[in-house]
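# A look at the structure
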Amino acid sequence: MSALFKSLRFLLPLFVFLAIAGFLLKGLWLDPREIPSPLIDKPAPEFRLESLEDPGRQIDRKDMLGKVWLLNAWASWCVACREEHPVLVEFARSSMVPIVGLNYKDTRVDGMRWLAQFGNPYVTSLFDEAGRVGIDFGVYAVPETFLIDKQGVVRFKQIGPVTPELLHEKIIPLIQRLNA
Amino acid sequence: MIPEIGNFALMVATAVAVVLGTLPIIGAARGNVRWMELARPAARVLFLLVVVASSCLVASFLHDDFSDVYVANNSTHALPLPYKLAAFWGGHEGSMLLWLQILSFWIFAVSIFSAHLPREMIARILGVMGLVALGFLLFIILTSDPFDRLLPAAAEGNDLNPLLQDPGMVVHPPMLYMGYVGFSVAFAFAIAALLGGNLDATWARWSRPWTTVAWTFLTIGICMGSAWAYYTLGWGGWWFWDPVENASFMPWLAGTALMHSLAVTEKRGGFKVWTVLLAIFAFSLSLLGTFLVRSGVLTSVHAFASDPRRGVFILLFLATVIGGSLALFAWRAPKVGLGERFEMISRESMLLTNNVLFLAAAACVLLGTLYPLILDALGLGKISVGPPYFDTVFVPLMAPALFLMGLGPLARWRKANLPEIAARLKWAFAVSVVCAVLVPLIEGRWSALVAAGILLAAWIFGTSVVNLWSRVRPTAGGQIRTKLAALPRGYVGMLVAHIGVAAFIVGVTLVKGYEVEKDVRMDAGDTVAVGPYTAKFLGTTEGEGPNYVYLRGQFDILKGERLVRTMHPEKRQFNARGEPMTDAAISPGITGDLYISLGEAVSQTAWVVRVYYKPFIDWIWGGCLLMALGGVLALSDRRYRLAQRRATASEVTVAGAASGA
Amino acid sequence: MDESMRGERLRGSRASAATRMLAALALALAALACGSVVPASAREAQEVGDDPAAERHMMRLASELRCLQCQNQTLADSNAPLAVDLRQQIRELLAKGQSDEQVKQYLVARYGDFVLYRPPLKSNTLLLWFGPAVVLLAGLVALFLALKRRLARLESAQSNPQDADAESARAQRLLHEPIEEEGGLS
């Protein structure tokens with residue numbers, strides 16, 4: 001018994017190393033920079049912002065209750081947003097869900113010009129000049145996209161551009177489930 | 001043409017490494033003298049080939065050969081010459097070649113300074129190092145080749161990262177790698193001893209100088225990295241517990257434990273298993289550090305561009321080397337004998353406790369560094385582990401070791417007499433307590449943490465003085481001067497290194513306790529009081545460097561009414577890379593640094609300026625340099641003198657061959 | 001050292017910030033061209049912010065928080081736009097009388113535990129916070145037991161002490177060194 005313990009003792013460093021190696025292996029496919037959202041399955045934060053196109057019109061959280069909708073944070077200075085924009089424009093044509101833009105830390109002029117140039121998939125864009133609503137939603141790197149259900153609860157967040165694969169594999173099935 | 005020669009040299013080197021890594025080791029197991037004799041020449045050929053490859057890379061940089069991808073990514077025509085050379089290790093591929101170059105240098109050195117080693121031993125040592133080199137060669141050729149071509153060639157390069165265009169960065173990586181990679185020698189010695197089944201005091205004696213050299217370089221390398229961060233990064237910090245910093249600190253902790261452990265194995269024949277394990281740990285942590293920096297598994301300011309493919313390769317390499325050596329350890333170590341007897345309280349047991357403490361410290365740093373990854377991998381959330389954690393956990397862990405530093409050198413081998421030690425040290429303890437209480441009061445604000453730090457530092461210093469005095473105190477045996485001259489260099493090295501630790505603690509404690517930081521808005525003519533000085537802003541001038549434009553601020557520094565000096569912090573805009581860089585102005589001093597850096601311009605003439613007064617901060621790096629000096633002194637000990645070694649070489653080889661098998 | 005660091009710098013200093021920097025440089029240069037550097041009168045510089053003490057409080061708090069754009073800097077040190085915004089947010093929260101804990105909760109509610117450089121003590125960080133102490137204690141206890149066991153084994157074995165002594169002495173002889181005296185360490 002003590003002989004067994006003695007040999008096991010010497011194997012301990014090897015076992016510890018193998019455990020560490022296992023974690024390192026798993027880690028190669030994780031992204032340490034990606035920050036998951038603490039808002040998932042929690043109510044979306046309160047907001048009230050002016051519309052980008054129509055300064056006189058205000059939109060708040062209550063206006064979006066009762067439907068499943070996408071909130072997409074974008075900006076005219078954001079290079080990666082250009083990558084995902086055609087995907088959103090295409091998706092908007094299907095009218096499956098309303099897409100609301102969150103124009104993050106931008107100017108009205110630049111934002112409108114960008115939409116004119118690259119297309120406008122949004123039913124409207126919220127004009128978040130100071131970025132406060134962005135902070136409330138935990139935005140840290142545009143583009144980011146949130147899927148919010150009929151009760152106003154955040155169900156999904158994508159950090160980085162929305163790709164067609166992501167749309168088909170994750171977002172659309174989830175929309176269908178939430179709409180059912 | 002030149003890059004192709006470089007590539008070819010690497011491929012031939014790979015073939016040589018295959019030979020070096022297999023035949024001598026098999027030869028040693030089978031008693032095949034011819035295969036064993038291959039080790040030394042193969043080692044030297046390997047080194048020469050890697051030198052050829054490195055020279056090709058250097059030549060490509062010097063010729064501005066932008067048809068080489070790596071050169072194009074890390075240099076420009078206007079880059080000053082020293083930085084063209086440093087650009088060698090400015091990016092991932094080149095730094096891997098530097099790793100390999102330094103490893104092959106160590107292999108070469110071992111092949112030269114090992115005439116006294118038995119044939120089987122040297123065959124195994126060089127063989128193991130050859131296998132490690134093989135791993136790196138394959139990694140470079142298959143995933144990270146600095147000789148890849150860019151066709152058509154770029155007209156102008158991308159410039160070396162501006163943060164690296166600094167004298168500190170020219171020296172820091174090579175120093176660090178000399179240390180990091182140098183632990184491969186102790187590792188190879190340990191594996192060779194496990195393979196040959198001859199772990200004894202002679203093995204420890206042979207290993208020791210190699211370990212001390214590597215440790216010294218690593219100490220200098222880490223010290224330089226910290227000093228560089230301080231004076232380049234612009235926010236006055238000198239240690240961030242960043243994953244890559246930790247990656248160099250963990251081998252240092254293991255290496256320190258190893259050095260102390262080797263001393264015991266050499267003198268008393270004890271701790272053999274511990275020492276072997278520590279040698280494996282030290283180098284394993286070096287390799288692990290290499291993995292962490294390049295795999296994208298952790299985020300870090302230092303991290304190279306990540307690539308999962310590279311990550312997988314290094315991980316496989318890690319698994320083979322570390323897993324293999326730990327498996328060999330598990331198999332062979334239980335058979336090793338016990339060594340001499342020592343009591344529960346003795347210098348041996350204190351040094352063993354020291355080992356446990358240093359290993360626990362290394363484990364603590366490893367845990368903190370890997371924890372975010374572990375949680376993420378288990379799907380348990382994403383957290384950050386930063387300086388607040390490490391500062392809280394690491395310091396209390398090290399404190400007992402620092403206390404032991406006072407007792408250990410005074411303790412007898414085999415059986416320590418605690419009451420005697422206490423009697424000898426009671427004054428040192430009293431003085432330490434007095435200092436601990438006085439210093440915070442002198443500085444103007446009481447702090448228990450500062451008191452604790454000063455207590456430990458004064459304790460280490462005081463006990464070192466007591467130790468020294470007991471050996472040089474005039475007696476019938478001789479006068480002070482003769483006794484001083486007769487002190488073994490190794491002993492002096494220990495004292496100097498321990499005093500270096502005390503100086504380091506003083507620096508850290510006083511800086512953290514009493515540094516002053518102010519963010520102020522300054523217009524031309526405004527003044528700000530900081531520490532014992534007043535800084536007056538005189539405005540900015542513009543100018544051009546070799547590959548950048550700059551705005552230079554001018555500050556007059558006054559003590560009372562007297563102008564002491566002027567300081568010139570800069571904001572630099574590099575032509576090729578287009579990102580502004582802050583170059584802080586630092587006025588160093590033994591009692592404290594004045595540190596000024598330009599923030600943002602808030603109007604045509606006014607700037608936000610950050611000024612710091614950092615008391616005793618240079619004692620941090622001074623302490624590290626003292627530690628390194630201690631290492632150098634230990635190496636210059638009479639026992640390692642070459643002439644003496646050569647005289648006994650022939651006798652020893654015969655006797656050694658008998659004991660080595 | 002290139003891609004990743006450069007990427008971070010670019011992420012942190014978007015196109016607008018870089019332009020701002022250049023503009024500031026241009027402005028400063030223009031000011032110099034007009035020769036307006038002569039100080040009218042020496043003034044004690046004001047610390048940034050309306051309330052220096054509150055500012056320092058904010059910075060102290062921010063130095064334990066992580067910047068989410070430049071992820072390897074604290075919120076205090078980073079010049080990323082989000083960091084600037086969050087520092088302003090913290091200023092406002094502190095001015096409203098919120099405690100450090102409440103400010104941290106505010107940020108954690110939006111960004112998760114990732115934003116804290118001091119990991120909170122939760123069920124998933126117990127190992128992190130108590131691990132080192134446990135490892136140390138376990139190590140010391142194991143050492144103590146191992147030493148005791150070792151002494152016991154040496155007591156019972158007869159030949160070991162002489163063997164090790166002989167070994168050590170032979171090693172010394174081989175290298176032509178005198179045997180070390182008691183108490184020396186070199």
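Residues numbered from 1 in each chain as written. Chains lettered and ligands numbered in written order. Predicted model: local features only at pLDDT ≥ 70, side-chain atom pairs only at ≥ 80, totals over all residues.

Within chain C one finds seven helices and two strands. Along chain C, helices and strands appear, N-terminal first, in the series α-α-β-β-α-α-α-α-α. Across the 186 residues of chain C, 28% fall into the buried class. Nonlocal contacts in chain C, meaning residues at least 24 apart in sequence, comprise 44% of its contacts between residues at least 6 apart. (Helix = DSSP H or I, 4+ residues; strand = E, 2+ residues; numbered from the N terminus. Buried ≥ 20, exposed ≤ 12 C-beta atoms within 10 Å, placed from the backbone. Contact = placed C-beta atoms within 7 Å.)

Assigned secondary structure in chain A consists of five helices and seven strands. The secondary structure elements of chain A, listed N-terminal to C-terminal, are α-β-β-β-α-β-α-β-α-β-β-α. For chain A, the C-alpha radius of gyration of 22 Å lies well beyond 16 Å, the compact-globule estimate for 180 residues. Projecting the C-alpha coordinates of chain A onto the three principal axes gives extents of approximately 80 × 35 × 30 Å. The 180 residues of chain A split such that 39% are buried. (Rg over C-alpha atoms; globule rule 2.2 N^0.38 Å.)

Here chain A is described as being made up of domain 1 (1-30) and domain 2 (48-179). Computed over C-alpha atoms, the centres of domain 1 of chain A and domain 2 of chain A are 47 Å apart. (Domains from an automatic or database assignment.)

The strand order β8(B)-β9(B)-β10(B)-β1(B)-β2(C) describes an open sheet built from five strands, whose pairing is antiparallel. At either end of the open sheet lies a strand with only one pairing partner, and these are β8 (585-587) of chain B together with β2 (46-47) of chain C. (Pairing = 2+ DSSP bridges.)

The next subject is the interface of chain B and chain A. You'll often see interface size given as the accessible area lost when the parts meet. Contacts between chain B and chain A engage 27 residues on the former and 22 residues on the latter. Mapped onto the side of chain B that touches chain A, the elements with two or more residues apiece are α11 (272-294), α12 (308-332) and α13 (347-377) of chain B. In terms of residue count, the dominant contributor to the side of chain B that touches chain A is α12(B) (12 residues). For the side of chain B that touches chain A, the per-class residue count stands at 21 nonpolar, four polar and two charged. (Nonpolar A, V, L, I, M, F, W, Y, C, P; charged D, E, K, R; others polar.)

On to helix α18 (residues 489-514) of chain B. With 26 residues, α18(B) ought to run about 38 Å at 1.5 Å a step, and its terminal C-alpha atoms sit 37 Å apart, in line with that. Counting buried residues along α18(B), 22 of its 26 residues qualify, which places the element largely inside the surrounding structure. (Expected span 1.5 Å × (residues − 1).)

Moving on: the sheet that holds strand β3 (residues 69-74) of chain A. All names here are of chain A. One open sheet holds the five strands; their spatial order is β5-β4-β3-β6-β7, and the pairing between them is mixed. Two strands in the sheet have a free side with no partner beyond their single neighbour: β5 (124-128) and β7 (154-159). Taking the axes of each pair of neighbouring strands and ignoring which way they run, one obtains an average angle of 20° across the sheet. By the bridge criterion, five bridges tie strand β6 (residues 144-148) to β7 in an arrangement that is antiparallel. Considered in β7, the bridge of Phe146 is made with Lys157. Contacts from helix α5 (residues 164-179) reach β6 and β7, with the element oriented near 165° to β7. (Axes fitted to C-alpha atoms, helices over the stretch in contact; angles between N-to-C directions.)

We now examine the packing of helix α14 (residues 387-407) of chain B against helix α16 (residues 448-472) of chain B. Residues and elements named next belong to chain B. Where α14 meets α16, the axes come as close as 8 Å, and the angle between the chain directions of the two elements is 25°. The orientation of α14 with respect to α16, classified from their angle, is roughly parallel. In the crossing of α14 with α16, the sense of the turn from one axis to the other is left-handed. Residues Ala399, Leu402, Phe403, Met405 and Gly406 of α14 touch α16, and the partners they reach there are Leu456, Trp459, Ile460 and Thr463. Residues belonging to the contact of α14 with α16 are distributed by class as follows: seven nonpolar, two polar and no charged. (Parallel < 35°, antiparallel > 145°, perpendicular 65-115°, else oblique. Left-handed = near helix turned anticlockwise from the far one by under 90°.)

Let us now look at helix α7 (residues 119-143) of chain B. Under the 1.5 Å per step criterion, the end-to-end length of α7(B) is 36 Å for 25 residues, consistent within 8% with the ideal 36 Å. Within α7(B), 21 of the 25 residues are buried, which leaves the element mostly enclosed by the surrounding structure.

Before going further, it helps to examine the environment of Pro474(B). Residue and element names in this part refer to chain B. Its location among the elements puts Pro474 in the loop between α16 and α17 (480-486). By C-beta crowding, Pro474 is classed as exposed, having 11 other C-beta atoms within 10 Å. Residues Pro474 and Ala192, 282 residues apart in the sequence, show an inter-C-alpha distance of 46 Å. Among all residues touching Pro474, those that are not within four sequence positions of it are Gln479 and Ile480.

Moving on to the environment of Ala333(B). Mapping Ala333(B) onto the fold places it in the loop between α12 and α13. The sequence separation of Ala333(B) and Val45(B) amounts to 288 residues, and the corresponding C-alpha distance is 34 Å. Leave out the neighbours within four places in its chain, and Ala333(B) touches Phe10(A), Val273(B) and Val276(B).

Right, let's get into the confidence of the model for chain C. When pLDDT drops low, the exact placement of atoms in the prediction is not to be read closely. Residue and element names in this part refer to chain C. Looking at chain C as a whole, its pLDDT mean stands at 72, while 62% of the residues score no less than 70. Here helix α1 (residues 3-12) stands out as the element of chain C with the lowest mean pLDDT, 37, in contrast to helix α5 (residues 100-111), whose mean of 94 is the highest. Note that residues 1-24 has pLDDT below 50 and, in this model, 41 contacts with residues that lie over four places away or in other chains. In the predicted structure, residues 176-186 sits below a pLDDT of 50 and forms 17 contacts with residues beyond four places in sequence or in another chain. Scoring of the predicted complex yields 0.88 for pTM and 0.88 for ipTM. (pLDDT = per-residue confidence, 0-100.)

Residues and elements named next belong to chain B. Core analysis: the biggest nonpolar cluster contains 272 residues, and Leu46 and Ala186 have the highest contact counts within it. Leave out the neighbours within four places in its chain, and Leu46 touches Ala13, Val16, Ala17, Leu20, Ser104, Ile107, Gly130 and Ala133. Of all hydrophobic cores here, the second largest spans 21 residues; its members include Phe537, Tyr595, Ile596 and Trp607. (Core = buried A, V, L, I, M, F, W, Y, C linked by C-beta atoms within 7 Å.)

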